[in-house]
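Residue-level structural notes
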Amino acid sequence: MSISRGEVARAGLWAAGVVMLSTAPYLIAWWLTPPGYVFTGILANPMDAFSYLAKMREATQGAWLLHFPYASEPHQGALLYPQYVLLGKVVALTGFAPVFVFHGGRILAGLLLLGASYAIIVAIISDVAVR
């Protein structure tokens, strides 16, 4: 069973639509932020999300190996959360705001997830259809 370009294009449009719908709450919250306030770009699980932004900031300042600033003992850095280290390097290269790069990474990861899911489903359906 082969997949036509049209089917792939339709799947891509659906994936883009799903990812844009997942981005809508962030855009709405940013748009509705009252004057005098700043929307941080985070809606869910702020403790984790702000720690990811902190990891990005550490990478922006040149680090490839991260440290835990609140550890009780001195320690060597380690390559932890490489996706956030790479996003921090993107911030350093582009000068974009970390929260925008964070959401760009979220959007890219969502598209990759949906694309991989589509490929797996097509492979399974193709395998079943051949049998």
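Just above sits the structure.
Residues numbered from 1 in each chain as written. Predicted model: local features only at pLDDT ≥ 70, side-chain atom pairs only at ≥ 80, totals over all residues. Heavy atoms only, no water.

Some remarks on the overall build of the protein chain
From N to C terminus, the protein chain includes 4 helices and 0 strands. Along the protein chain, from the amino end to the carboxyl end, the secondary structure elements read α-α-α-α. Over its C-alpha atoms the protein chain spans a radius of gyration of 19 Å, topping by over 25% the 14 Å that the globule rule assigns to 131 residues. Each of the three principal axes of the protein chain carries a C-alpha extent, and together these read 60 × 45 × 25 Å. The buried share among the 131 residues of the protein chain stands at 21%. In the protein chain, of all internal contacts separated by at least 6 residues, the share reaching a separation of at least 24 is 56%. By element, 71% of the accessible surface of the protein chain is carried by carbon and sulfur atoms, the whole surface being about 9,700 Å². (Helix = DSSP H or I, 4+ residues; strand = E, 2+ residues; numbered from the N terminus. Rg over C-alpha atoms; globule rule 2.2 N^0.38 Å. Buried < 20%, exposed > 50% of the residue type's maximum accessible area, 1.4 Å probe, protein only. Contact = heavy atoms within 4.5 Å. Areas by Shrake-Rupley, 256 points an atom, 1.4 Å probe, with all protein chains shown as cover.)

What to know about the packing of aromatic side chains
Using the criterion set out here, one finds 4 aromatic pairs in the structure. Look at Y81 and Y84: their rings are 6.2 Å apart centre to centre, the planes differ by 50°, and that puts the pair in the tilted class. Residue Y84 is classed as buried on the basis of its relative accessible area, which comes to 13%. (Phe/Tyr/Trp six-rings, centres within 6.5 Å; stacked < 30°, edge-to-face > 60°.)

Brief notes about the environment of M56
Mapped onto the elements of the fold, M56 is located in helix 2 (residues 46-60). Separated by 29 residues in the primary sequence, M56 and V85 place their C-alpha atoms 5.5 Å from one another. Among residues more than four places away in sequence, those in contact with M56 are Y84, L87, G88, V91, P98, V101 and F102.

Quick look at the side chain of K89
By the element assignment, K89 lies in helix 3 (residues 82-94). Despite its burial, K89 pairs with no opposite charge, the nearest such side chain being E58 at 9.7 Å. For K89, the side chain forms a polar contact with the main-chain oxygen of A59, separated by 3.1 Å. Apart from the residues within four sequence positions on either side, K89 is in contact with A59, G62, A63 and W64. (Lys, Arg positive; Asp, Glu negative; His and termini not counted. Salt bridge = Lys/Arg side-chain N within 4 Å of Asp/Glu carboxyl O. Polar contact = N/O pair within 3.5 Å; in protein donor to acceptor, adjacent residues only side chain to side chain.)

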